[in-house]
Amino acid sequence: MIILNLKLDHILGFNQFEVNFSYPRKLGRSIIEGECLKGIPSFRYKKLNVFVGSNASGKTSLIRVIWTILSFLRNKNGEDLKKIVNCNYDSSYIAVDYVLGDANDYCLYRLVFKTKNNGRNDFDCSLTHSMIALKQGDSYEKVKDYLEKPYEIVSSLREVNNNENSFVGWHAVLPCTEENFDEISFARCQSKADERDYMAILNGIMKTLDPSILSIKKSQDAQDAVVIDYGHNERIIAQAGNKLTQLQRLSSGTKYGFNIANTVFAIKHQLNGIYLVDEQFSYVNSDIEASLLAKMVELLGDDEQLFFTTHNQRILAMGFPFHSFYFMKKEAFDGESEISVSCASEFENRNNVSPFNMYENDMFGCAPNTRMIDNIK
């Protein structure tokens, strides 16, 4: 599954918000391979989408919205979408364009979800669903307007008709400060070979984050657990379901190693079509974050996407295409807040210009305003 465009109005903190994940022209050169549908090279999409911004600029909220939409497409449960509606307004709106299928049977879909507040602490919902089959020579820019006339008016939120066989789901990791993410989990391995590969990935990442770790092995005594060996008879057990914040021996950054290893394993084995990685590196050295992001991008398969949030400016100097970077900011006007996003390619796209330098000069207008801190006496 590939997401091409997302429009939001009165959804969480997003009002009249739009972000696009396609690009119209083939790049002369790029370090990211295969940024197009397999079999339809003219249908281009961004495999890597990096969101940069100050605190409270909407990065985590955007990841949560995408995750919620994916949950709805899988479960067909309208309550998923209702949870992110801002009920302080008379109406709300979600529109998402996405592709499902394979090289022989791609379709472009548009799902539009609207609500109208009925004044009784509840709201009425409507859903329209449009689809067009893709063929050779198509691009998103060429065919998206055909979705303006919905082929299906859905009376029940459970009636969305998708090609389930091509929807391989998602992998999402958010900070442990977010609800339901303060727990240890391990990748589900289907074979002994997968298990060995997962343990090798887990060892490599955790030992990089904490060189004092000698080894990590699957526990022979506790179920769904690993033993972290520090030598000198010092060992700790990390078991699935335990709270990350309660692992006192591990540093803040090392605790996130479990989530990072699970993500790398999932990408390597193409277990999910979409990967949502939010603020997993806030306590991790910037060079390690850059190295792991490069590995994730290298391992991405056909028709897969990575959505990644960061505060690390070094990511901007890694040579990824300009169109991979998005800059988010939140501004307040007359008591109302507004979240906006700009793609770096809207400002520049030349290979000899660095988005890092542009960011340093605040050309994207997303630097935090520190005036009130400066005014503290």
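Quick caveat: nothing in here was measured; it's all calculated off a predicted structure.

1. Brief notes about the packing of aromatic side chains
Part 1 of the argument: Counting across every chain of the model gives 15 aromatic pairs.
Part 2 of the argument: Each ring, one from Tyr 256 and one from Tyr 283, has its centre 6.3 Å from the other, and the planes form 20 degrees; the classification is stacked. Pair noted here: Tyr 256 is in the loop between α5 (252-255) and α6 (257-268) and Tyr 283 is in the loop between β14 (274-277) and α7 (286-299), with a separation of 27 residues, a long-range link.
Part 3 of the argument: Judged by relative accessible area, which is 5%, Tyr 256 ranks as buried.
Part 4 of the argument: Between Phe 327 and Tyr 359, the aromatic rings sit 5.8 Å apart at their centres with planes inclined by 25 degrees, giving stacked as the arrangement.

2. Considering the nonpolar core
Soluble globular proteins tend to bury their nonpolar side chains together.
Part 1 of the argument: Ranked by size, the top nonpolar core spans 59 residues in total, and within it Leu 202, Ile 228, Phe 258, Leu 293, Leu 306 and Phe 327 carry the most contacts.
Part 2 of the argument: Look past the residues within four positions of Leu 293 in its chain and what remains in contact with it is Leu 48, Leu 306, Phe 308, Ile 315, Met 318 and Phe 320.

3. With respect to the pattern of salt bridges
It is possible for side chains bearing opposite charge to pair when their charged atoms get close.
Part 1 of the argument: If you walk through the whole model with that rule in mind, you get 14 salt bridges.
Part 2 of the argument: The salt bridge partner of Arg 188 is Asp 224, with a shortest N-O separation of 3.5 Å. Note that Arg 188 is positioned in the loop between β10 (170-173) and α4 (192-209) and Asp 224 in the loop between β11 (215-218) and β12 (225-231), a separation of 36 residues in sequence.
Part 3 of the argument: Since its relative accessible area comes to 30%, Asp 224 is described here as partly exposed.
Part 4 of the argument: Between Arg 249 and Glu 234 there is a salt bridge whose closest N-O contact spans 2.6 Å. Highlighted residues: Arg 249 in the loop between β13 (234-239) and α5 and Glu 234 in strand β13, separated in sequence by 15 residues.
Part 5 of the argument: The class for Arg 249 is partly exposed, based on a relative accessible area of 33%.
Part 6 of the argument: Residues joined by salt bridges that share partners form a network here, namely Asp 97, Arg 110 and Glu 148.

Parameters and conventions
Residues take numbers from 1 onward in each chain, read along the sequence in its written order. Reporting in this predicted model follows two pLDDT cut-offs: at least 70 for local features of residues, and 80 or more for side-chain atom pairs to be given and counted; totals over whole chains, interfaces and linings ignore these cut-offs and use all residues. Just so you know, side-chain values use all the structure's heavy atoms and leave hydrogens and water out. Whether two aromatic rings pair depends on their centres lying within 6.5 Å, for rings of Phe, Tyr and Trp, where Trp uses its six-membered ring; planes under 30 degrees apart make the pair stacked, over 60 edge-to-face, and the rest tilted. Runs of E in the DSSP output that reach at least two residues are strands. Runs of H or I that reach at least four are helices, and both are numbered from the N terminus. Throughout this description, buried means an accessible area under 20% of the type-specific maximum (1.4 Å probe, protein chains only), exposed means over 50%, and partly exposed covers the range between. Among buried residues, those of type Ala, Val, Leu, Ile, Met, Phe, Trp, Tyr and Cys that are joined through side-chain atoms within 4.5 Å constitute a nonpolar core. Whether two residues are in contact is decided by their heavy atoms: any pair within 4.5 Å suffices. Throughout this description, the term salt bridge denotes a Lys or Arg side-chain nitrogen within 4 Å of a carboxyl oxygen of Asp or Glu.

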